[in-house]
Amino acid sequence: MIKFSHLYKTYAGPVTALKNISLDIKKGEFVFLTGPSGAGKTTLFKIISAYSKPSSGGIEVAGFDLNEIRPREIPYFRRKIGVVYQDFKLLKDRTIFENVALPLEIRRERQSYIDSRTSELLDQVGLYYKKNQFPMQLSGGEQQRVAIARALVHHPGVLVADEPTGNLDPDLSEEIMDLLDKVNAQGTTIFCATHDHDLVTRRAR
Ligand code: ADP
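Just so it is clear, the model here is predicted, and its values are computed rather than measured.

Where do I start with the overall build of the chain in this structure?
If you tally the helices and strands in the chain, you get 7 helices and 8 strands. Against the globule reference of 17 Å for 205 residues, the chain gives a C-alpha radius of gyration of 17 Å, in line with a compact fold. Taking the principal axes of the C-alpha coordinates as reference, the chain spans close to 50 × 40 × 35 Å. Looking at the chain as a whole, 46% of its 205 residues qualify as buried. Restricting to contacts in the chain with at least 6 residues of sequence separation, those with at least 24 account for 68%. Of the roughly 10600 Å² of accessible surface on the chain, a fraction of 49% belongs to carbon and sulfur atoms. Treating the 28 positive side-chain charges of the chain as one cloud and the 25 negative ones as another, the clouds have centres 6 Å apart.

What follows is the structure in structure tokens.
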């Protein structure tokens, strides 16, 4: 699902953010990436989601060779992966329902499909009853659950999460991890970066 081989990324400076990373994440796996701030996690996530290219080395995600991908293929590729961020990236002036529905609206799906798929996802993350509320009316944990619902809207084979619990207290972090476990149990591959080593240790038991 995600394969890096001898991946390097160097920024002007020069700063070597990634040095010789090789990793093969298979379909259905749940993989944590840990490391302190500055270790290169965000750099790796930008490369996985085709927002940045490696300086050298191979990178394949969901069947696409990201060194070879054409600009016009990128929107199609991005539907194959779901991305979750630390700061949720929800639109503040839209309801929860509208936030999850937006990627489907952009694709001009039928209204009946948009309604049923969005309702199904909000139900899955336990927030259907808040569908008409705005992000600011929700707790951080609830906002992240909405962001996860939105990331799953196109049935992606892989979900990448960059510090999804970075803004949440420990109880809510566990709740988000339980949700990611549920998503993984339904067959979605998960690659999750975190600097919270305790969270990973608890999950590994
Ligand atoms: P993390 O997400 O693990 O905190 P980053 O991928 O953000 O790590 O950063 C890895 C290293 O690359 C850091 O030393 C950072 O300062 C550097 N870096 C990240 N982005 C840029 C950039 N656009 N230009 C120059 N250096 C960068």
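What exactly am I supposed to notice about the sheet that holds strand β6 (residues 81–85) here?
One key point about sheets: their strands pair by backbone hydrogen bonds, in either a parallel or an antiparallel sense. Strands sit in the order β3-β8-β7-β6 across an open sheet of 4 strands; the sheet is parallel. Either end of the sheet is taken by a strand with one partner, and the two such strands are β3 (30–34) and β6. Neighbouring strand axes in the sheet, compared pairwise and without regard to direction, differ in orientation by 15° on average. On top of the sheet, helix α5 (residues 140–151) reaches β6 and β7 (158–162); it is set at about 165° to β6, its chief contact. Along the sheet, helix α7 (residues 197–204) contacts β3 and β8 (189–194); its crossing angle with β3, the most-contacted strand, is approximately 150°.

For this particular structure, what's the right way to read the pairing of strand β2 (residues 15–25)?
For a regular strand, side chains alternate in direction, first toward one face of the sheet and then toward the other. When strand β1 (residues 2–11) meets β2, the two strands line up antiparallel, connected through 7 bridges. In the sheet register, Tyr-11 faces β2, and the bridge partner there is Val-15. Here β1 folds back onto β2, and the loop between the two strands holds 3 residues, one of which, Gly-13, carries a positive phi near 150°.

Looking at this model, I keep getting lost on the site of the ligand. Mind explaining?
Looking at the ligand, the residues that line it are Tyr-11, Val-15, Ala-17, Pro-36, Ser-37, Gly-38, Ala-39, Gly-40, Lys-41, Thr-42 and Thr-43. The backbone of Gly-40 places a nitrogen or oxygen atom 2.9 Å from an oxygen atom of the ligand. Separating an oxygen atom of the ligand from a side-chain N or O atom of Thr-43 is a distance of 2.5 Å. Within the complex, the protein chains bury 60% of what would otherwise be the 570 Å² of accessible surface of the ligand. Elements that contribute at least two residues to the shell around the ligand include exactly β2 and α1 (41–48). With 3 residues, α1 is the largest single contributor of residues to the shell around the ligand. Per-class residue counts for the shell around the ligand are 5 nonpolar, 5 polar and 1 charged.

For this particular structure, what's the right way to read helix α3 (residues 96–106)?
Each α-helix winds once per 3.6 residues, and so residues spaced three or four apart point in a common direction. Burial in α3 covers these residues: Ile-96, Phe-97, Asn-99, Val-100, Ala-101, Pro-103 and Leu-104. Against the buried residues of α3 lie α4 (111–124) and α5. One or two positions beyond α3, positive phi appears at Arg-108, with a value near 55°.

Conventions used here
- Residues numbered from 1 in each chain as written.
- Predicted model: local features only at pLDDT ≥ 70, side-chain atom pairs only at ≥ 80, totals over all residues.
- Heavy atoms only, no water.
- Helix = DSSP H or I, 4+ residues; strand = E, 2+ residues; numbered from the N terminus.
- Rg over C-alpha atoms; globule rule 2.2 N^0.38 Å.
- Buried < 20%, exposed > 50% of the residue type's maximum accessible area, 1.4 Å probe, protein only.
- Contact = heavy atoms within 4.5 Å.
- Areas by Shrake-Rupley, 256 points an atom, 1.4 Å probe, with all protein chains shown as cover.
- Lys, Arg positive; Asp, Glu negative; His and termini not counted.
- Charge placed at Lys NZ, Arg CZ, Asp CG, Glu CD.
- Pairing = 2+ DSSP bridges.
- Axes fitted to C-alpha atoms, helices over the stretch in contact; angles between N-to-C directions.
- Near = heavy atom within 4 Å.
- Polar contact = N/O pair within 3.5 Å; in protein donor to acceptor, adjacent residues only side chain to side chain.
- Nonpolar A, V, L, I, M, F, W, Y, C, P; charged D, E, K, R; others polar.

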